[in-house]
Amino acid sequence: RDMELNYIYSGSCDFLINGQEIHMDEGDLCILDSNVVHSATSIKKENDIVINFVFKKNFFNSVFLSRLSNKGIVTNFLYGAISSTQKHDRYLIFHTYHNERFKLLIQFILTEYFFPSAHDKELIDVYASAMFIELLNCEYKTQYKKNKKEYDKVLPIMDYIQRNYKECTLESV
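Here the structure is a predicted model, which is why all the values come from computation and not from measurement. (Residues numbered from 1 in each chain as written. Predicted model: local features only at pLDDT ≥ 70, side-chain atom pairs only at ≥ 80, totals over all residues. Heavy atoms only, no water.)

Undergrad: Teacher, can you tell me more about the overall build of the protein here?
TA: A count of helices and strands for the protein gives five helices and eight strands. Reading the protein from its N end, one meets helices and strands in the order β-β-β-β-β-β-α-α-β-α-α-β-α. Looking at the protein as a whole, 43% of its 173 residues are labelled buried. Here the analysis covers contacts within the protein between residues at least 6 apart in sequence; of these, 71% occur between residues at least 24 apart. Accessible surface, the protein: about 10,300 Å² in total, of which carbon and sulfur atoms supply 54%. (Helix = DSSP H or I, 4+ residues; strand = E, 2+ residues; numbered from the N terminus. Buried < 20%, exposed > 50% of the residue type's maximum accessible area, 1.4 Å probe, protein only. Contact = heavy atoms within 4.5 Å. Areas by Shrake-Rupley, 256 points an atom, 1.4 Å probe, with all protein chains shown as cover.)

Structure, rendered in structure tokens:
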């Protein structure tokens, strides 16, 4: 299953996430793991714009994860999201309103999506990676528990598979 990211580009929106009512304003962003039960419950005005991004879990490969700080909440969340032993019912909410770089990255992604260039896919990947890195600078609220021992094992395993994908076996991994 895929992960979602909802960004309030302007205005506000109310969500129901895992049975909890959440109000989000312009600049707020919610990253949802794959099994989070959620829905938008109100978009009230014409200037309320909510952008929904869907990420395949394989986007978060070892190359991507190695760019993030190993101590960051984003990295820990993403390790859990790609784990096969987690419940995948967690989410993070970030407040990015005062972060102009973050909004620019969203605009760059939207520009490449709606007005593709010759290298739109590569640029979207780079901008999305930068977006997750920029989240390390933002305030957040969380609803998940981290299991550090498990996260410490994931990146080396993914690195090994990526380097040895042609010859590796389950036993060697």
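Undergrad: Can you walk me through the layout of surface pockets in this structure?
TA: Any empty space left between atoms is shown by rolling a water-sized probe over those atoms. Here the largest pocket defines a volume of roughly 380 Å³. In terms of lining residues, the largest pocket is bounded by 16 residues, among which Phe53, Val54, Ile109, Tyr113 and Ile124 are the most central. Looking at the lining of the largest pocket, the elements with two or more residues in it are strand 6 (49–55), helix 3 (100–114) and helix 4 (120–134). Grouping the amino acids of the lining of the largest pocket by side-chain chemistry returns 12 nonpolar, one polar and three charged. (1 Å grid on protein atoms, 1.4 Å probe; cavity = no way out; pocket = protein on both sides within 12 Å on 5 of 7 lines; lining within 4 Å. Points joined across faces, edges and corners; volume = space filled by probe spheres on them. Nonpolar A, V, L, I, M, F, W, Y, C, P; charged D, E, K, R; others polar.)

Undergrad: What's the story with the sheet that holds strand 5 (residues 38–42) in this structure? I'm lost.
TA: Sheets are built from strands that pair by backbone hydrogen bonding, the pairs being arranged parallel or antiparallel. A sheet is described by the order of its strands in space; here three strands give the open sequence 3-2-5, paired in antiparallel fashion. Where the open sheet ends on each side, the last strands, each with one partner, are strand 3 (20–25) and strand 5. The average undirected angle you get between the axes of adjacent strands in this sheet is 30°. (Pairing = 2+ DSSP bridges. Axes fitted to C-alpha atoms, helices over the stretch in contact; angles between N-to-C directions.)

Undergrad: I tried to follow the nonpolar core on my own but got confused; where do I start?
TA: The tendency in soluble globular proteins is for nonpolar side chains to be buried side by side. Residues Leu78 and Phe132 are the most contacted members of the largest nonpolar core, which totals 31 residues. Setting aside residues no more than four positions away along its own chain, Phe132 makes contact with Leu5, Ile31, Phe55, Phe59, Phe60, Phe64, Leu68, Val74 and Leu78. Counting residues in each nonpolar core, the second largest holds 11 residues, with Phe15, Val36, Tyr91 and Ile93 among its members. (Core = buried A, V, L, I, M, F, W, Y, C linked by side-chain atoms within 4.5 Å.)

Undergrad: What is the right way to look at the side chain of His88 in this model?
TA: Take His88: it is sitting in the loop between helix 2 (73–82) and strand 7 (91–95). Residue classification places His88 among the buried positions, given a relative accessible area of 9%. Polar contacts involving the side chain of His88 include one to the side chain of Lys57, which spans 3.3 Å. Here His88 is in contact with Asp33, Ser34, Asn35, Val36, Lys57, Gly80, Ala81 and Ser83, once residues within four sequence places are set aside. (Polar contact = N/O pair within 3.5 Å; in protein donor to acceptor, adjacent residues only side chain to side chain.)

Undergrad: Help me understand the pairing of strand 4 (residues 28–32) in this model?
TA: Across a regular strand the side chains alternate sides, sitting on one face of the sheet and then on the other. Judged by how many residues are buried, strand 4 sits mostly within the fold: five of five residues are covered. The alternating pattern of strand 4 places Asp28, Cys30 and Leu32 on one face and Leu29 and Ile31 on the opposite face, and all of these are buried. Across four bridges, the pairing between strand 1 (residues 3–10) and strand 4 is antiparallel. Residue pairing across strands places Asn6 opposite Cys30, the latter belonging to strand 4. In terms of strand pairing, strand 4 meets strand 7 through five bridges, oriented antiparallel. Opposite Ile31, over in strand 7, you have Leu92 as the bridge partner.

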